[in-house]
Amino acid sequence: AQSVTQLGSHVSVSEGALVLLRCNYSSSVPPYLFWYVQYPNQGLQLLLKYTTGATLVKGINGFEAEFKKSETSFHLTKPSAHMSDAAEYFCAVSEGGGNKLTFGTGTQLKVEL
Amino acid sequence: GAVVSQHPSRVICKSGTSVKIECRSLDFQATTMFWYRQFPKQSLMLMATSNEGSKATYEQGVEKDKFLINHASLTLSTLTVTSAHPEDSSFYICSERKTSGGPDTQYFGPGTRLTVL
């Protein structure tokens, strides 16, 4: 069975500071990994994904994540936070590209002046 | 990108009534649609997967007679919560997958907040 753990339900950073949102997963087969962002009253939007190949993946809005198999992690980073990054972020895993997505509990990112 | 809409965005109903939630794909045809529910401060939990023209596949623990899913066309899926009770209050989110896509082509609707009094 697959599962996702997101450490920290709330993260607060200053504008311009590094953003780091943590995600660890478990999967019995090679995983596909995703980060989604959800703004208030909107649907989930795909930020980036890892399927195969290069372990450092770049997404929209300057975000990137690195797949580390030895650590079973897929942490999301952004070098410099912007006020518009304030939202809820979800990490998700799919085993081997199957249909079923398993989500973490989400991390609310707050960006302060 | 693709757009998925849900209607209504919010609904309040009395206990014992049924509520229908619509999920529409606005710019692509989706043979596969997914329904999730999300409790406050919890994960999105997959409830069921539906394919156009066939019966939905429900996840373990989800009552298929209570959560009726109809996927009548490639652009419309509906979730009906029958005989709703307060414990059914939740945020319901649909997603749709492009016919030729893998899991990275799921597009999510904005969700429906159901409150059962």
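Everything that follows concerns the structure shown earlier in this document.
Quick look at the structure, then. (Residues numbered from 1 in each chain as written. Chains lettered and ligands numbered in written order. Predicted model: local features only at pLDDT ≥ 70, side-chain atom pairs only at ≥ 80, totals over all residues. Heavy atoms only, no water.)

Chain A puts 21 residues into the contact, and the matching count from chain B is 18 residues. Together, the buried faces of chain A and chain B total about 1500 Å²; carbon and sulfur atoms form 58% of this surface. At the boundary of chain A and chain B, one finds one salt bridge. Linking chain A with chain B are four residue pairs in polar contact (both at pLDDT 80 or more), by the criterion used here. Contributing elements (two or more residues each) for the side of chain A that touches chain B: strand 5 (31-38), strand 6 (44-50) and strand 10 (87-95) of chain A. The leading source of residues in the side of chain A that touches chain B is strand 5 of chain A, at four residues. Each residue belonging to the side of chain A that touches chain B can be placed in one class, and the counts come to eight nonpolar, 11 polar and two charged. (Contact = heavy atoms within 4.5 Å. Buried area = accessible area lost by both parts, 1.4 Å probe. Salt bridge = Lys/Arg side-chain N within 4 Å of Asp/Glu carboxyl O. Polar contact = N/O pair within 3.5 Å; in protein donor to acceptor, adjacent residues only side chain to side chain. Helix = DSSP H or I, 4+ residues; strand = E, 2+ residues; numbered from the N terminus. Nonpolar A, V, L, I, M, F, W, Y, C, P; charged D, E, K, R; others polar.)

Take the layout of surface pockets next. Over the atoms a probe the size of a water molecule is rolled, and this reveals where empty space is left. Residues and elements named next belong to chain A. Approximately 650 Å³ is the volume attributed to the largest pocket. With three residues, the top contributor of residues to the lining of the largest pocket is strand 10. Grouping the constituent residues of the lining of the largest pocket by class yields nine nonpolar, 12 polar and four charged. Empty space within the second largest pocket amounts to approximately 390 Å³. (1 Å grid on protein atoms, 1.4 Å probe; cavity = no way out; pocket = protein on both sides within 12 Å on 5 of 7 lines; lining within 4 Å. Points joined across faces, edges and corners; volume = space filled by probe spheres on them.)

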